[in-house]
Amino acid sequence: MEERLVVSSPPHMKSAVTVPWIMQQVVFALLPAAIWGVVFFGVRWALLPLVLSVLACVGFEALDCILFRRPLTIGDWSAVVTGMLLGLSLPPGCPFWIPIVGGGVAILLGKQMFGGIGQNVFNPALVGRAVLLVSWPKIMATWYVRPPFALGVTSYATPVDVVTSATPLGIVKAYGYTSVWETPNLLFRLFVGLVPGCIGEISALLLLLGFAYLLFRGIVQWDIPLFYALGLVAVAVVARQNPLFHLFAGGAIMGACFMATDYTTSPMTPKGRLIFAFGAGALTGIIRWLGGYPEGVTFGILTMNALVPLLDRILPQRFGVKKV
Amino acid sequence: MKLRTFPQGVFLPHHKEDTAHLPIVRVPLPQGVVLPLIQHTGAPLKPLVKKGDGVKRGQKIADAEAFVAAPLHAPLSGKVTGIEEWAHPTLGKFQAVVIENDGSSEEMRYDPLPEDIERLDPESLRLFVREGGFVGLGGAAFPTHVKLSPPKDKPIDSFILNGAECEPYLTCDHRVMLERAEDMLLGLRIMVRACGAKKAYIGIEDNKRDCIDHLAPLVRDLPFPTEVVPLRTKYPQGSEKHLILAILGREVPPGGLPLDVGVVVNNVQTAAALGRMAKEGIPLIERVITLSGDCLKKRGNFEVPLGMLLEDLAAFCEGFITPPRKIIMGGPMTGITQATLAVPVIKGTSGFLFFSRPLAKREYPCIRCGRCVAHCPMRLLPYLLGRLAEEGLFAEAEANRVLDCIECGSCAYVCPAGIALVHLLKLAKFEVMRRRKRGGK
């Protein structure tokens with residue numbers, strides 16, 4: 001009997017939390033917003049890009065592992081999360097190859113090239129989205145569907161195609177900040193998700209619900225979303241625009257709750273996290289206000305991702321050494 | 001009631017319900033005992049007996065000249081059959097005195113202390129503690145008389161009795177606090193007098209509410225102010241540094257000791273054993289341990305003689321339901337796995353746990369989730385220290401405070417990637433200390 005005894009290093013107790021479980025919870029948390037996106041825009045326009053994006057991410061990761069003879073890592077569910085995040089941030093009705101190219105870029109360039117899960121510097125989904133944004137700006141800014149609850153100012157949208165509609169941030173960029181307020185109950189409609197936008201980003205309410213679930217499960221902390229929001233609000237105040245509009249429009253909630261909180265690409269130290277999140281929020285606001293793109297979430301977060309190795313050097317207060 | 005605690009740390013399933021209600025059972029003396037010549041933190045002992053000698057219960061059989069050492073006494077009367085290398089529960093192998101039980105009840109006792117302990121001089125009390133072979137019975141086994149000898153420039157104002165017992169499964173301290181409160185408070189008086197403290201605290205986690213209720217009225221009769229402090233049940237609340245932070249709000253400086261902040265901490269069972277010696281003259285020759293785990297037939301809290309072999313204990317507990325895959329000395333968070341049943345109980349043994357499963361977790365790469373950072377009670381960055389250890393960057397690990405690590409295991413417990421962080425940090429600490437000893441790099 002004695003030769004069967006296992007000798008190992010303590011602790012001999014481990015929490016039930018594992019990497020795949022965490023990733024699955026994130027997928028669950030995104031489902032309400034995803035389902036609403038599909039209901040709002042229709043199965044054909046919203047579900048297809050979403051499914052293609054997830055399949056592309058998982059497929060490209062499997063391909064990479066096989067090609068470079070690495071252990072297959074798709075079982076950790078992280079590629080599914082990347083696929084969900086990318087798919088939810090695409091315009092509904094985009095061409096079928098957009099999620100495939102985006103997923104390939106996200107996984108190969110954004111994740112596997114750095115060494116796979118946990119090693120990447122930039123959020124893979126945002127890398128994919130950024131490449132799509134700069135390569136096919138027109139496709140990424142065109143909404144091919146007229147949703148059942150259209151924005152009151154659709155007449156301002158690109159007049160060429162009758163089925164296109166505009167997002168609030170697109171209207172702000174094209175026609176100025178005040179024109180967007182012609183929509184009645186704008187803030188309320190933005191909050192619950194009755195205004196066009198990217199597939200999974202239209203309802204701040206459902207995204208916050210998903211985030212609350214992650215908080216409850218102890219998967220994320222509240223600090224990053226809060227400071228992201230503070231950064232965005234600060235810029236909005238300086239720009240003399242409504243902070244709530246900036247929080248609920250576009251991908252701000254998605255970015256704050258699901259993109260900036262990405263484990264691998266956010267800092268580990270308490271102070272670093274706050275600086276990172278505030279910076280990402282502020283940059284989002286600045287790009288929206290002064291930049292060339294209507295939306296700033298992608299580049300705001302990616303820029304701060306680059307600073308994470310630096311922010312990780314801010315050590316926490318040492319035990320036993322009182323502040324002077 | 002407001003519960004005191006410290007920041008960060010982890011909430012564990014404590015599994016104490018298996019044994020917490022079971023009164024202490026005295027285990028009959030075994031056929032023989034094996035007493036390793038090191039059972040404490042400090043210098044190894046030299047045997048005072050040789051092969052063939054007869055010894056009596058309570059007789060001193062080994063001692064050392066070093067200050068940081070505690071003598072060893074025979075737990076039964078019998079014949080020394082050898083001084084030989086034997087399996088040691090934490091050190092692999094070590095020289096040990098092997099004694100065969102002769103069945104007689106011959107014993108040697110020390111002179112008990114007079115009732116009015118507060119009139120005795122501290123120096124003679126410290127000598128009394130040393131002669132009894134007392135070490136911290138919480139697991140670290142630091143010689144008690146050393147703790148009670150603060151340098152002149154570091155006055156002690158507070159004494160903390162550690163009844164936190166934060167390790168899951170272990171309930172021996174719980175039972176001692178309930179069943180041996182009188183001895184424990186007598187031991188507390190000796191230690192408070194010896195170190196010169198003005199006030200005493202007994203810290204107990206609130207999952208031992210019965211102990212808190214039992215002790216609160218008893219401490220009113222002590223000749224110095226004593227407070228029973230209910231603590232939040234959180235791991236590692238029983239760590240000296242975190243106990244002091246929770247109760248007094250003081251932080252022990254890096255590399256420092258509790259006496260640097262005017263505090264002495266000792267375990268409740270040490271106090272109880274010391275109180276018994278003061279009353280009956282019996283030195284530290286037995287202790288209460290918890291035997292638990294899913295594959296043990298008879299679990300519980302047992303008073304066992306030091307040196308009793310694990311196989312004899314297992315036989316006393318009627319063996320196993322299923323063969324154990326993992327045997328741990330101590331709690332599951334910091335305990336040491338055993339490779340054989342031929343190891344003896346030593347002074348630092350708080351229990352043995354027998355598990356039918358190897359209790360492992362699948363390993364993934366670090367996903368930088370930050371759980372280890374958010375839970376580390378020492379406010380370290382375990383993920384970073386683990387990586388530096390893996391890459392052999394020990395100077396960088398030292399710069400990132402790896403020596404502050406108390407090896408509590410909170411980081412590895414919460415890690416979703418199942419990374420052996422404590423193992424890596426221990427390795428880094430060992431390397432840093434080795435390089436320091438060699439003088440520089």
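Refer to the preceding data block for the structure.
Enquirer: What exactly am I supposed to notice about the overall build of chain B here?
Expert: Along chain B, the regular secondary structure elements total 13 helices and 17 strands. The C-alpha atoms of chain B give a radius of gyration of 21 Å, which matches the 22 Å a tight globule of 441 residues would have. Each principal axis of the C-alpha distribution contributes one length, and for chain B these read about 60 × 50 × 50 Å. Split into buried and exposed, the 441 residues of chain B put 60% on the buried side. Of the charged side chains in chain B, 57 are positive and 50 negative, and the gap between their average positions amounts to 5 Å.

Enquirer: Looking at this structure, I do not really get the packing of helix α10 (residues 223-238) of chain A against helix α13 (residues 270-290) of chain A. What am I missing?
Expert: Packed helices, taken two at a time, are described by the angle between their axes plus the distance between the axes. Residue and element names in this part refer to chain A. Relative orientation of the contacting elements α10 and α13 amounts to 35 degrees, with a least axis distance of 7 Å. Judged by the twist between their axes, the crossing of α10 over α13 is right-handed. When its residues are assigned to classes, the contact of α10 with α13 shows 16 nonpolar, 4 polar and 3 charged.

Enquirer: Would you mind going over a nonpolar patch on the surface with me for this structure?
Expert: Judged by side-chain polarity, Leu215(A), Trp222(A), Leu226(A), Leu230(A) and Phe278(A) come together as a nonpolar surface patch covering roughly 470 Å² of accessible area. Given the relative accessible area of 39%, Leu230(A) is considered partly exposed.

Enquirer: Looking at this model, I keep getting lost on the nonpolar core. Mind explaining?
Expert: Taken as a class, soluble globular proteins show a tendency for nonpolar side chains to be buried jointly. All names here are of chain A. Core analysis: the biggest nonpolar cluster contains 103 residues, and Phe245 and Phe258 have the highest contact counts within it. Counting residues per element, this core draws most heavily on helix α1 (residues 19-41), which supplies 12 residues. For Phe245, the residues in contact, after removing those within four places along its chain, are Pro168, Leu169, Val172, Tyr177, Val180, Trp181, Leu186, Leu187 and Leu190.

Enquirer: What is the right way to look at the interface of chain A and chain B in this model?
Expert: Reports often express the size of an interface as the amount of accessible area lost when the parts come together. Counting residues at the interface gives 43 residues for chain A and 58 residues for chain B. Counting the surface lost from both chain A and chain B, the interface buries some 4700 Å², and carbon and sulfur atoms represent 60% of this. Inspection of the region where chain A meets chain B yields 2 salt bridges. Across the contact surface, chain A and chain B share 22 residue pairs in polar contact (both at pLDDT 80 or more). By residue number, the principal contributor to the side of chain A that touches chain B is α1(A), which donates 4 residues. Of the residues belonging to the side of chain A that touches chain B, the class tally is 23 nonpolar, 13 polar and 7 charged.

Enquirer: How do you make sense of the sheet that holds strand β12 (residues 263-267) of chain B when you look at a structure like this?
Expert: The strands that make up a sheet are held in pairs by hydrogen bonds between backbone atoms, and each pair lies either parallel or antiparallel. Residue and element names in this part refer to chain B. Judged by pairing direction, the sheet is parallel, and its 4 strands sit side by side in the order β11-β10-β9-β12 without closing on themselves. Strand pairing shows two members of the sheet lacking a second neighbour, β11 (226-231) and β12, which therefore form its edges. Within the sheet, the average angular offset between the axes of one strand and its neighbour, ignoring direction, is 25 degrees. Bridge count for strand β9 (residues 158-163) against strand β10 (residues 199-205) is 6 bridges, and the pairing is parallel. Pairing of Ser158 across the sheet is with Lys199, part of β10. On top of the sheet, helix α4 (residues 181-195) reaches β9, β10, β11 and β12; it is set at about 150 degrees to β9, its chief contact. Sheet contacts for helix α7 (residues 268-280): β9 and β12; angle to β12, the most-contacted strand, approximately 80 degrees.

Enquirer: Is there a simple way to think about helix α1 (residues 122-131) of chain B in this case?
Expert: Note: α-helices contain 3.6 residues per turn, so residues at a spacing of three or four share the same orientation. Residue and element names in this part refer to chain B. Of the residues making up α1, those classed as buried are Leu125, Arg126, Phe128, Val129 and Arg130. Buried residues along α1 sit in contact with β5 (60-63), α2 (144-147), α4 and α7. Positive phi appears at Gly133, one or two residues downstream of α1, with a value of about 75 degrees.

Enquirer: Help me understand the packing of aromatic side chains, please; the structure alone is not making it clear to me.
Expert: Here the distance between the centres and the angle between the planes together describe a pair of aromatic rings. All names here are of chain A. Considering all chains together, one arrives at 11 aromatic pairs over all chains under this definition. For the pair Tyr177 and Phe245, a centre-to-centre distance of 5.9 Å together with 75 degrees between the ring planes defines the contact as edge-to-face. Placement of Tyr177 in the loop between α7 (168-175) and α8 (186-192) and of Phe245 in helix α11 (residues 243-248) is noted, with a sequence separation of 68 residues between them. With respect to class, Tyr177 is no different from Phe245; both count as buried. One aromatic cluster in this structure is built from Trp36, Phe40 and Phe41. The lysine or arginine in question, Arg44, covers the ring of Trp45, its NZ or CZ lying 4.5 Å from the ring centre.

Enquirer: Can you help me understand the side chain of Lys234(B) in this one?
Expert: Residue and element names in this part refer to chain B. Inspection of the secondary structure puts Lys234 in the loop between β11 and α6 (240-248). Glu205 provides the closest opposite charge to the buried, unpaired Lys234, separated from it by 9.5 Å. With sequence-adjacent residues up to four places away left out, Lys234 is seen in contact with Thr5, Phe6, Pro7, Gln8, Gly9, Val10, Phe11, Cys166 and Glu205.

Enquirer: In this structure, what is going on with the sheet that holds strand β3 (residues 46-47) of chain B? I would like to understand it.
Expert: All names here are of chain B. Read from one edge of the open sheet, 3 strands run β3-β5-β6, paired in antiparallel fashion. Edge positions in the open sheet fall to β3 and β6 (72-73), since each of these has one partner strand only. Bridge analysis of β5 against β6 gives 2 bridges, and the strand direction is antiparallel. The residue bridging Ala62 from the neighbouring strand is Leu72, located in β6.

Enquirer: Can you help me understand the pattern of salt bridges in this one?
Expert: Two side chains of opposite charge can pair, provided their charged atoms sit close to one another. Under the counting rule described, the total for this entry stands at 35 salt bridges over all chains. Here Arg273(A) ties to Asp223(A) by a salt bridge, and the two come within 2.7 Å at their closest N and O atoms. Residue Arg273(A) is found in helix α13, and its partner Asp223(A) is found in helix α10; the two are separated by 50 residues along the sequence. Residue Arg273(A) is classed as buried on the basis of its relative accessible area, which comes to 9%. Where salt bridges share partners, they join Arg26(B), Arg57(B), Glu107(B), Arg109(B), Arg180(B), Arg276(B), Glu286(B) and Glu303(B) into one cluster.

Enquirer: Looking at this structure, how should I read the pairing of strand β7 (residues 78-88) of chain B?
Expert: A regular strand places its side chains so that they alternate between the two faces of the sheet. Residues and elements named next belong to chain B. Note that strand β4 (residues 54-55) and β7 share 2 bridges and pair antiparallel. What sits directly across from Val55, in β7, is Gly78. Alignment of β7 against strand β8 (residues 92-101), held across 10 bridges, turns out to be antiparallel. Bridge pairing in β8 links Gly78 to Asn101. Hairpin remark: β7 followed by β8, antiparallel, with 3 residues in the connecting loop.

Enquirer: Help me understand the side chain of Arg379(B), please; the structure alone is not making it clear to me.
Expert: For Arg379(B), the position within the fold is in the loop between α9 (371-375) and α10 (382-390). Within the structure, the side chain of Arg379(B) is placed 3.4 Å from the backbone oxygen of Arg318(A), a separation counted as a polar contact. Filtering out sequence-adjacent residues up to four positions away, Arg379(B) remains in contact with Pro316(A), Gln317(A), Arg318(A), Phe319(A), Gly320(A), Glu251(B) and Arg401(B).

Cut-off values and rules
Residues numbered from 1 in each chain as written. Chains lettered and ligands numbered in written order. Predicted model: local features only at pLDDT ≥ 70, side-chain atom pairs only at ≥ 80, totals over all residues. Heavy atoms only, no water. Helix = DSSP H or I, 4+ residues; strand = E, 2+ residues; numbered from the N terminus. Rg over C-alpha atoms; globule rule 2.2 N^0.38 Å. Buried < 20%, exposed > 50% of the residue type's maximum accessible area, 1.4 Å probe, protein only. Lys, Arg positive; Asp, Glu negative; His and termini not counted. Charge placed at Lys NZ, Arg CZ, Asp CG, Glu CD. Axes fitted to C-alpha atoms, helices over the stretch in contact; angles between N-to-C directions. Left-handed = near helix turned anticlockwise from the far one by under 90°. Nonpolar A, V, L, I, M, F, W, Y, C, P; charged D, E, K, R; others polar. Patch = residues over 30% accessible without salt bridge, like charges linked within 9 Å, V, L, I, M, F, W, Y side chains within 5 Å. Areas by Shrake-Rupley, 256 points an atom, 1.4 Å probe, with all protein chains shown as cover. Salt bridge = Lys/Arg side-chain N within 4 Å of Asp/Glu carboxyl O. Core = buried A, V, L, I, M, F, W, Y, C linked by side-chain atoms within 4.5 Å. Contact = heavy atoms within 4.5 Å. Buried area = accessible area lost by both parts, 1.4 Å probe. Polar contact = N/O pair within 3.5 Å; in protein donor to acceptor, adjacent residues only side chain to side chain. Pairing = 2+ DSSP bridges. Phe/Tyr/Trp six-rings, centres within 6.5 Å; stacked < 30°, edge-to-face > 60°. Lys NZ or Arg CZ within 6 Å of the ring centre and 35° of its normal.

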